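Notes for the structure review
Spelled out from the first residue to the last, the chains are:
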Amino acid sequence: MANSAFIQTALAGDRRSIGQAISALENGSEAAYAVRKAVAARQGRAHVIGVTGPPGGGKSTLVSALIRGLRERGRTVAVAAVDPSSPFTGGAVLGDRIRMGDRQSDAGVFIRSLASRGHLGGLAVAAGDVIDLFDAAGFDVVIVETVGAGQSEVEITRYADTRVVVCPPGLGDDVQAIKAGVLEIADVFVVTKADLPDARKTESDLLAMLALRRDQASPPAVRKVSAPSGDGIEALVEWLDGRTQRGLRHEAGGVKKAYSQTSDWIAADNLAQLMGIELVAASVGSTTLRMKVERKHINFNGKCHGGALFALGDMALGLACNSHGRLATLVDGQMSISTAVDEGDWLIAHASEVSRSRKIGSYQVHVTRAKDNAHIALMHGTVYVLDRPVAAACGDGP
Ligand SMILES: Nc1nc2c(ncn2[C@@H]2O[C@H](COP(=O)(O)OP(=O)(O)OP(=O)(O)O)[C@@H](O)[C@H]2O)c(=O)[nH]1
Ligand SMILES: [Mg+2]
């Protein structure tokens, strides 16, 4: 493809090309597939730091300070702000850039806001892809800012090696709610705005809360920082920089293993071959597939057969639920189809885990049309998890 030259230059660190690659990923265009494929081979170098916390909590201000501290230590830094309401360009970072003078032209820093797509799963998929792209492009540290509300802070655990939860003072009872949601995921709580009078109380509330949870294997750290004075920043940067967590998410999340395992399963699946189903991305608990709608998928009415959509969704779900390595089988599955699909369209099916216990798993699959991200179908499935490894089942086949 002549127009995909930007992918190689992006991986070599060219800023304009990185921007192009992100746009491709966000648009879910044809080129997105090529980007993901090129990126998949080069993952696992960067230390990915997720920064989450309540709106206005001081996340962007903290990220700016972290960028400066990490740059002083010679680290290159890429930032993705997954927050449509406060784009980086209009917020703290821009102000900081102006103050820092030449930081804007610093080739060691790349900052990008990611727009919300407003359809379930889509935003998270793009964010994960952009992190992987930054990683593949050679940045030492990738920082992701997400507003700590709803799904995003849980999603960030999938992507980050180190999770920073921002806890500004003065949240009152809201602090309880935030902590209840993120206590399990935080590697470090950062009490921001330490210059404000309530900061001390927030810190002691946090410590008291953590004291109740001494059963945690590695309890999160608590740090206090103040943007105006810079107090605590240097220590936090040192703590973050000292963590030997680079690329851990790929080990912990088993992304590389999941990817190669899933591609093997697809290669061994007759129906997948027959239908032209291809792997886009895989991690433990989630799978993304794509398929081009061809003549063979078209029903008597000239549209993509519902059965083909179900088979695509079922395959994504099946791969996602088996990605843990234990054989899982669909016991109940439903799909609602809302848009007809034409020949020539590319479909993307993204399966993700809703919940999973030792025996039962719940999964959902979103099927979208690549060219415009249109919602095509939604599938729900319940699986039964057997006490057998997947490999044994594969070997038993005819
Ligand atoms: N007093 C004080 N104010 C701060 C400090 N850090 C940030 N702020 C202020 O808090 C406000 C929000 O800061 P941001 O860094 O934009 O917070 P955010 O969490 O990124 O906000 P959203 O992205 O909109 O959720 C701004 O007015 C900052 O100037 C601090 O250490 N002390
Ligand atoms: Mg912000």
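Note: the structure precedes this text.
My aim in this report is to walk through the structure given alongside it, one point at a time. On a predicted model such as this, the values are computed, not experimentally measured, just so you know. (Residues numbered from 1 in each chain as written. Chains lettered and ligands numbered in written order. Predicted model: local features only at pLDDT ≥ 70, side-chain atom pairs only at ≥ 80, totals over all residues. Heavy atoms only, no water.)

**Some thoughts on unusual backbone geometry**
If you check the backbone angles, Lys193 has positive phi at about 55° while not being a glycine. Residue placement: Lys193 occurs in the loop between β6 (188-191) and α9 (199-211). (Helix = DSSP H or I, 4+ residues; strand = E, 2+ residues; numbered from the N terminus.)

**Overview of the coordination of the magnesium ion (ligand 2)**
Protein coordination of the magnesium ion (ligand 2) is provided by Ser60 (OG) and Glu145 (OE), with donor distances spanning 2.1 to 2.2 Å. Of this pair, Ser60 sits in helix α4 (residues 59-72) while Glu145 is found in strand β4 (residues 141-147), placing the two residues 85 residues apart along the sequence. When sorted by exposure, Ser60 lands in the same class as Glu145, which is buried. (Donors = N, O, S within 2.8 Å, 3.2 Å for Na, K, Ca; no water. Buried < 20%, exposed > 50% of the residue type's maximum accessible area, 1.4 Å probe, protein only.)

**Some points on the nonpolar core**
Core analysis: the largest hydrophobic core is formed by 37 residues, its most contacted members being Ile277, Leu289, Leu312, Leu347, Val365 and Val367. The greatest single-element share of this core, amounting to 10 residues, is contributed by helix α14 (residues 306-322). Ignoring sequence-local partners within four residues, the contact set of Ile277 consists of Ile266, Ala272, Leu289, Arg290, Met291, Leu312 and Met315. Core analysis: the next-biggest nonpolar cluster, separate from the first, contains 33 residues, Val35, Leu114, Phe134 and Ala137 among them. (Core = buried A, V, L, I, M, F, W, Y, C linked by side-chain atoms within 4.5 Å. Contact = heavy atoms within 4.5 Å.)

**Details of the sheet that holds strand β2 (residues 77-82)**
Across the sheet, seven strands lie side by side as β3-β2-β4-β1-β5-β6-β7; this open sheet has parallel pairing. Only two strands of the sheet have a single neighbouring strand rather than two, namely β3 (109-113) and β7 (221-224). Strand-to-strand, the axes of this sheet are offset by a mean angle of 20°, without reference to chain direction. (Pairing = 2+ DSSP bridges. Axes fitted to C-alpha atoms, helices over the stretch in contact; angles between N-to-C directions.)

**Quick word on the packing of α4 against helix α10 (residues 233-242)**
Contact pair α4 / α10: the axes reach a minimum separation of 10 Å and the direction vectors enclose 70°. With respect to α10, the element α4 is oriented roughly perpendicular. Judged by the twist between their axes, the crossing of α4 over α10 is right-handed. Counting all contacts with α4, which are made through Leu62, Ala65, Leu66, Gly69 and Leu70, the residues of α10 involved are Ile233, Leu236, Val237, Leu240 and Asp241. Looking at the contact of α4 with α10 residue by residue, the classes come out as eight nonpolar, one polar and one charged. (Parallel < 35°, antiparallel > 145°, perpendicular 65-115°, else oblique. Left-handed = near helix turned anticlockwise from the far one by under 90°. Nonpolar A, V, L, I, M, F, W, Y, C, P; charged D, E, K, R; others polar.)

**Describing the packing of aromatic side chains**
The final tally for this structure, using the stated rule, is three aromatic pairs. When the centroid spacing of 6.4 Å and the interplanar angle of 55° are considered together, the rings of Phe110 and Phe139 count as tilted. One end of the pair, Phe110, is in strand β3; the other, Phe139, is in the loop between α6 (122-136) and β4, and 29 residues separate them in sequence. Seen from their ring centres, Phe134 and Phe139 are 5.9 Å apart, and the 85° between their planes marks the pair as edge-to-face. (Phe/Tyr/Trp six-rings, centres within 6.5 Å; stacked < 30°, edge-to-face > 60°.)

**Some words on the sheet that holds strand β10 (residues 326-337)**
If you trace the six strands from one edge of the open sheet to the other, you get β8-β9-β11-β12-β13-β10, paired in antiparallel fashion. Edge positions in the sheet fall to β8 (277-283) and β10, since each of these pairs with one other strand and no more. When strand polarity is set aside, the average angle formed by the axes of neighbouring strands in this sheet is 20°. Against the sheet, helix α3 (residues 30-40) makes contact with β8, β9 (286-292) and β11 (346-356), and its axis sits at roughly 55° relative to β8, the strand it touches most. Taken strand by strand, α14 contacts β8, β9, β10, β11, β12 (360-369) and β13 (375-389), and its axis lies near 145° from that of β10.

**Some details on the environment of Leu289**
Relative to the elements of secondary structure, Leu289 occurs in strand β9. Assessed through its relative accessible area of 0%, Leu289 is described here as buried. With sequence-adjacent residues up to four places away left out, Leu289 is seen in contact with Ile266, Ile277, Glu278, Leu279, Val280, Leu312, Met315, Ala316, Leu319, Leu347, Ile348 and Ala349.

**Focus: a nonpolar patch on the surface**
Taken together, the side chains of Val331, Ile360 and Tyr384 define a hydrophobic patch exposed on the protein surface, amounting to about 260 Å² of accessible area. Position of Val331 relative to the elements: it lies in strand β10. According to the relative accessible area criterion, Val331 is exposed, its value standing at 54%. (Patch = residues over 30% accessible without salt bridge, like charges linked within 9 Å, V, L, I, M, F, W, Y side chains within 5 Å. Areas by Shrake-Rupley, 256 points an atom, 1.4 Å probe, with all protein chains shown as cover. Salt bridge = Lys/Arg side-chain N within 4 Å of Asp/Glu carboxyl O.)

**A short note on α9**
Compared with an ideal rise of 1.5 Å per residue, which puts 13 residues at 18 Å, α9 spans 18 Å between its outermost C-alpha atoms and is within 8% of the ideal. Buried within α9 are the following residues: Ala199, Thr202, Glu203, Leu206, Met209 and Leu210. The buried residues of α9 all sit within an arc of 125° when viewed along its axis, so they share a single face. Exposed and facing more than 90 degrees away from the buried side of α9 are Arg200 and Lys201. (Expected span 1.5 Å × (residues − 1). Arc of directions from axis to C-beta.)

**Focus: the pattern of salt bridges**
Scanning the entire structure with this criterion turns up 15 salt bridges. A salt bridge links Arg73 to Asp241; the nearest nitrogen and oxygen atoms lie 3.9 Å apart. Taken as a pair, Arg73 in the loop between α4 and β2 and Asp241 in helix α10 lie far apart in primary sequence, 168 residues in all. In this structure Arg73 comes out as partly exposed when scored by relative accessible area, which is 30%. Through salt bridges with shared partners, a single ionic network connects Arg73, Arg75, Glu234, Glu238 and Asp241.

**Focus on the environment of Thr61**
Mapping Thr61 onto the fold places it in helix α4. Placed 132 residues apart in sequence, Thr61 and Lys193 show a C-alpha to C-alpha distance of 9.8 Å.

**Considering α10**
Three or more residues of α10 are buried, namely Ile233, Leu236, Val237, Leu240 and Asp241. Around the axis of α10, the buried residues are gathered within 130° of arc, so they sit on the same side. For α10, the elements touching its buried residues are β1 (47-53), α4, β5 (162-166), β6 and β7.

**Focus on the packing of helix α2 (residues 15-27) against α3**
Packing of α2 against α3 leaves a shortest axis separation of 7 Å and a crossing angle of 120°. In the crossing of α2 with α3, the sense of the turn from one axis to the other is left-handed. Together, Ala21, Ala24 and Leu25 of α2 and Ala31, Ala32, Val35 and Arg36 of α3 make up the contact between the two elements. Residues belonging to the contact of α2 with α3 are distributed by class as follows: six nonpolar, no polar and one charged.

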